[in-house]
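An overview of the molecular structure
Listed below, chain by chain, are the residues.
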Amino acid sequence: MEILMILTVGVLFTVATYMILSKSMLRVIIGVVILSHGAHLLFLTLSGLKQGAPPLLGEEASAYTDPLPQALILTAIVIGFGITAFMLVLAYRTYKAHKTDNLDELRGTEDE
Amino acid sequence: MNNLVILPILIPLLMGVILIFFKDSKSVQRTVSVISVGLMIAVSAYLTYMVYTEGIQTTELGDWPAPFGIVLVADLLSSSLVALSSLLALVCLFFAYQTFSAERERNYFHPFFLFLMVGVNGSFLTGDLFNLFVFFEVMLISSFILISMGSKQYQLRESLKYVIINTVSSMFFVAAIAYIYGVTGTLNMADLAVKIGELEQTGVISVIAVLFLFVFGTKSAIFPLYYWLPHSYFAPPAAIAALFGGLLTKVGVYTIMRTYTLIFPHDQTVFQILLIFGGLTMFIGVLGAVSQFDFKRILAVHIVSQVGYMIMGVGIFTPLAIAGTFYFLAHNIIVKSALFLFAGVAEKITGTSHLKQMSGLLKTHPYVGWLFLITALSLAGIPPLSGFFGKFALIIAGFDAGNYFVIAVSLATGVLTLFSMMKIFMTSFWGEVKMPDPQAKDKKVGSLLIPILPLVALTILLGVAAEPFMQFSLELAEQLMDPSEYINSVLNKE
């Protein structure tokens, strides 16, 4: 299972890199979102997938799953959600002000 | 256990939340934010004094014992940086009152200014890696909003790039935390220091160390990762640019100092990388500054060059070098923001920040000119001002450690720094009076200079009374180089 997850993380990072390097503003933002999913999945996998009982119920189980990574990832997801919302608004305003979503045309000139 | 440590985070957080409800009342906004920043200064100064006399102070949040819960740790480095940043916040706040339009102040400037301070103080004080990530995000999202506020065409374009680059590096931060948690099973920095010290130093640790260097390097703008900085710091108005230039990159430098002295001190390759990148950062940064012809842009590119010195100091990694790094860091926080504020004053007078369009400021506004000259010379490292002593300690430490090449680069950088500062002074302050705004001559800017004066006084004081401050830096470096006190006070070992 871990191998499969790690491969998924690799695919997510590859796709994200490709998207971030493209020229369209929206694709870049989607790339960042995918990158964040990749990072969260990596966290979940590296700290060990389900081993033993759920961490909260019962005291008889010999092994418990580590609950910390899930709490941390939840925090990171919430932060990522807020930043994505902000980025989308900022991208929309930039599009309105510049009339383009092509990052090549947003490069800027020397004398401004 | 000392609950004082949480106050520098709690005060701006609570006050910021309260201020959201008083959006339309200018006087409430101003009084509350000045009071809260003033409280922060008082608390952090007292905290620094307490750490100096009684040793490291910690707070266990929610009373969870150390390796399991989140701890806040105030050692000499973090508490003195909190004090400095609070002082800087007060200065920038007073400058903002005199330059900002009423509309900008009404659009939630104050709450986000305070939230930015929450993030900055939290990053300095936290003793937990994931908590550091959270405070980084608090700081970044407030800075995103402050930098894009105003929505000019240029501003929107550059803040979009700033946001994307910082978010990508934050995602790598999560990935790096995932790796280190996978290897050690803990995120408490003191516990990490113990666990990594016990592990065999394999390639995995080096990979994690370099991944962290990538993340913190992007935030602190070191050599291959600095390209976002010059444009985005040009966009916001002077008071915000001064705060960003003085603080945000320095938070990155602080995290590099913290992680590499505490968690990864065994890894020689990383220190070699730090030395090489430090040299490249300072030299390429100063070349960028020499080629620019805009007041604010020169200063923005100079941030990159100055960060190079600090990275070099961490790379040399002897007590004297770390002391020099801290001295330089404190000096740079003060001087850099003062210079950005001077750029704001010059722009207010002449209506432009381009050097070729203004000259003769010294004839119309002599005080601005001479105060700027003092600060600029301090940045270039002319004795007896504060810049000299930081560089002096760094260079002596470099000679002792035998890193001659990087020292030669840093000396050459110093000359070029002087050159680019004098370029500003000669073109915009000397010469015939020439300004795009015809009323420029009669503009009174005395009240704008008042907030800058304490910063100029501090750089002179740090230079003239260097002995006690250097003594303090040496003690601070001692504490950083020998992490056992930090580890023992966090993990409650006797």
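As the structure is a prediction and not an experimental result, all values here were calculated from the model.

Looking only at helices and strands, one finds three helices and zero strands in chain A. Moving toward the C terminus, one meets the helices and strands of chain A in the order α-α-α. The C-alpha radius of gyration of chain A comes to 20 Å, more than 25% above the 13 Å expected for a compact globule of 112 residues. Projected onto its principal axes, the C-alpha coordinates of chain A cover approximately 70 × 25 × 20 Å. Put simply, chain A has 112 residues, and 25% of those count as buried. The contacts in chain A between residues at least 6 apart in sequence include a share of 51% that link residues at least 24 apart.

Turning to the overall build of chain B, a few remarks are in order. Each helix and strand counted, chain B has 20 helices and two strands in total. On C-alpha atoms alone, chain B measures out to a radius of gyration of 22 Å, which is about the 23 Å that the 2.2 N^0.38 rule sets for 494 residues. Seen along its three principal axes, the alpha-carbon backbone of chain B occupies a region of about 70 × 55 × 40 Å. Counting all 494 residues of chain B, 60% fall into the buried class. For chain B, long-range pairs separated by at least 24 residues make up 81% of all intrachain contacts whose partners lie at least 6 apart in sequence.

Right, let's get into the UniProt feature "transmembrane region" (unreviewed entry) in chain A. Residues and elements named next belong to chain A. The UniProt entry lists residues 6–21, 28–49 and 69–92 under the feature "transmembrane region" (unreviewed entry), expressed in the numbering used here. With 86% helix and 0% strand, the stretch residues 28–49 has end C-alpha atoms that lie 30 Å from each other. Taken end to end, residues 69–92 is 100% helix and 0% strand, and its two terminal C-alpha atoms sit 34 Å from one another.

A separate point is the nonpolar core. Residue and element names in this part refer to chain B. Grouped together as the largest cluster of nonpolar side chains are 213 residues, with contacts concentrated most on Cys92, Val174, Ile177 and Phe342. A total of 21 residues in this core trace back to one element, the largest contributor, which is helix 13 (residues 319–350). Apart from residues no more than four positions distant in its own chain, Ile177 is found in contact with Leu129, Phe130, Phe133 and Leu187.

Attention now moves to the interface of chain B and chain A. It is common to give the size of an interface as the accessible area that goes away when the parts come together. Taken residue by residue, the interface counts 24 residues in chain B and 29 residues in chain A. Listing elements by their share of the side of chain B that touches chain A, those giving two or more residues are helix 5 (129–148) and helix 6 (153–184) of chain B. Here the residues of the side of chain B that touches chain A sort into 16 nonpolar, six polar and two charged.

A few words on the packing of helix 8 (residues 203–220) of chain B against helix 11 (residues 268–291) of chain B. Residues and elements named next belong to chain B. In contact at an axis separation of 9 Å, helix 8 and helix 11 are set at 30° when each is read in the N-to-C sense. In this view, helix 8 runs roughly parallel relative to helix 11, as classed from their interaxial angle. In this structure, helix 8 crosses over helix 11, and the sense of that crossing is right-handed. For the pair formed by helix 8 and helix 11, the contact residues are Ser206, Ala209, Val210 and Leu213 on the first element and Thr269, Val270 and Ile273 on the second. Counted by class, the contact of helix 8 with helix 11 contains five nonpolar, two polar and no charged residues.

With that out of the way, let us pick up the UniProt feature "domain: NADH:quinone oxidoreductase/Mrp antiporter transmembrane" (unreviewed entry) in chain B. Feature annotation in UniProt assigns "domain: NADH:quinone oxidoreductase/Mrp antiporter transmembrane" (unreviewed entry) to the following positions: residues 127–417 of chain B. Regarding residues 127–417 of chain B, the helix share stands at 82% and the strand share at 0%, and the terminal C-alpha atoms are separated by 36 Å.

Let's shift gears to unusual backbone geometry. Residues and elements named next belong to chain B. At the junction of Pro383 and Pro384, the peptide bond is cis and its omega measures out at 5° in the coordinates. Mapped onto the elements of the fold, Pro384 is located in the loop between helix 15 (366–380) and helix 16 (386–401). The phi torsion at Asp63 lies on the positive side, around 65°, for a residue other than glycine. When you line up the elements, Asp63 lands in the loop between strand 1 (57–60) and strand 2 (71–74). Accessibility expressed as a C-beta count within 10 Å gives 8 for Asp63, which makes it exposed.

Calculation criteria
Residues numbered from 1 in each chain as written. Chains lettered and ligands numbered in written order. Predicted model: local features only at pLDDT ≥ 70, side-chain atom pairs only at ≥ 80, totals over all residues. Helix = DSSP H or I, 4+ residues; strand = E, 2+ residues; numbered from the N terminus. Rg over C-alpha atoms; globule rule 2.2 N^0.38 Å. Buried ≥ 20, exposed ≤ 12 C-beta atoms within 10 Å, placed from the backbone. Contact = placed C-beta atoms within 7 Å. UniProt positions renumbered as here; feature names shortened; annotations may be inferred. Core = buried A, V, L, I, M, F, W, Y, C linked by C-beta atoms within 7 Å. Nonpolar A, V, L, I, M, F, W, Y, C, P; charged D, E, K, R; others polar. Axes fitted to C-alpha atoms, helices over the stretch in contact; angles between N-to-C directions. Parallel < 35°, antiparallel > 145°, perpendicular 65-115°, else oblique. Left-handed = near helix turned anticlockwise from the far one by under 90°.

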